[in-house]
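Per-entry structural report
Spelled out from the first residue to the last, the chains are:
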Amino acid sequence: MPTRFALAEALERAEMSQTELHRKSGVAYSTINNMVLNKARQVSLDTLDALASALGCAPGALIVQDAKGRPTR
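A brief structural summary. Not measured: the values here are computed from a predicted model.

A short note on the overall build of the protein
Each helix and strand counted, the protein has four helices and two strands in total. In summary, the protein has a C-alpha radius of gyration of 11 Å against a globular reference of 11 Å for 73 residues, a match within 12%. Burial status across the protein gives 34% buried among its 73 residues. At a minimum sequence separation of 6, the contacts of the protein that also span at least 24 residues come to 64%. Entry remark: accessible area of the protein is about 4,600 Å², with carbon and sulfur atoms responsible for 49%. Charge separation in the protein, taken as the distance between the mean sites of 9 positive and 7 negative side-chain charges, equals 7 Å.

Given below as structure tokens:
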């Protein structure tokens, strides 16, 4: 099962744009966009913590194993 970021889904649930998340979290817009597109291969725990805090969720909610085998790129 491929592991991927679930940031797009978290943004949708929070009804928040990438730009708004950038402003609330302090994480670079390019990092957020790469995570949404699943182009990021790694991010720091500090980044996950900042994003989760801004979204009001646990850091683990931003990483999922995709049982469907959906491509990550």
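Let us keep going from here.
Structural notes on the pattern of salt bridges
Here the structure, examined in full by the defined rule, presents three salt bridges. Between Arg4 and Glu9 there is a salt bridge; the shortest N-O distance is 2.9 Å. Residue classification places Arg4 among the buried positions, given a relative accessible area of 11%. Several salt bridges share partner residues, and in doing so they unite Arg4, Glu9 and Asp66 into one network.

Comments concerning unusual backbone geometry
With a phi angle near 50°, Glu15 is a residue other than glycine that sits in the positive phi range. If you trace the backbone, Glu15 turns up in the loop between α1 (7-14) and α2 (18-25). The class for Glu15 is exposed, based on a relative accessible area of 73%. Located in the positive-phi region is Asn38, a residue other than glycine, with phi close to 55°. Mapped onto the elements of the fold, Asn38 is located in the loop between α3 (29-36) and α4 (45-55).

A closer look at the environment of Leu55
Along the polypeptide, Leu55 turns up in helix α4. Leu55 gets classed as buried once you look at its relative accessible area, which sits at 13%. The contact partners of Leu55, leaving out residues within four places of it in the chain, are Leu7, Ala10, Leu11, Ala14, Met16, Leu21 and Leu62.

Comments concerning the nonpolar core
Among the nonpolar cores identified, the biggest contains 17 residues, and Leu7, Leu21, Leu51, Leu55 and Leu62 are the most heavily contacted of them. If you list the elements that add at least two residues to this core, you get α1, α3 and α4. Residue contributions to this core peak at five residues, all from α4. Sequence-distant contacts of Leu21, that is, excluding residues within four places in its chain, are made with Leu7, Leu11, Met16, Gly26, Ile32, Leu51, Ala54 and Leu55.

Basis of the calculations
Residues numbered from 1 in each chain as written. Predicted model: local features only at pLDDT ≥ 70, side-chain atom pairs only at ≥ 80, totals over all residues. Heavy atoms only, no water. Helix = DSSP H or I, 4+ residues; strand = E, 2+ residues; numbered from the N terminus. Rg over C-alpha atoms; globule rule 2.2 N^0.38 Å. Buried < 20%, exposed > 50% of the residue type's maximum accessible area, 1.4 Å probe, protein only. Contact = heavy atoms within 4.5 Å. Areas by Shrake-Rupley, 256 points an atom, 1.4 Å probe, with all protein chains shown as cover. Lys, Arg positive; Asp, Glu negative; His and termini not counted. Charge placed at Lys NZ, Arg CZ, Asp CG, Glu CD. Salt bridge = Lys/Arg side-chain N within 4 Å of Asp/Glu carboxyl O. Core = buried A, V, L, I, M, F, W, Y, C linked by side-chain atoms within 4.5 Å.

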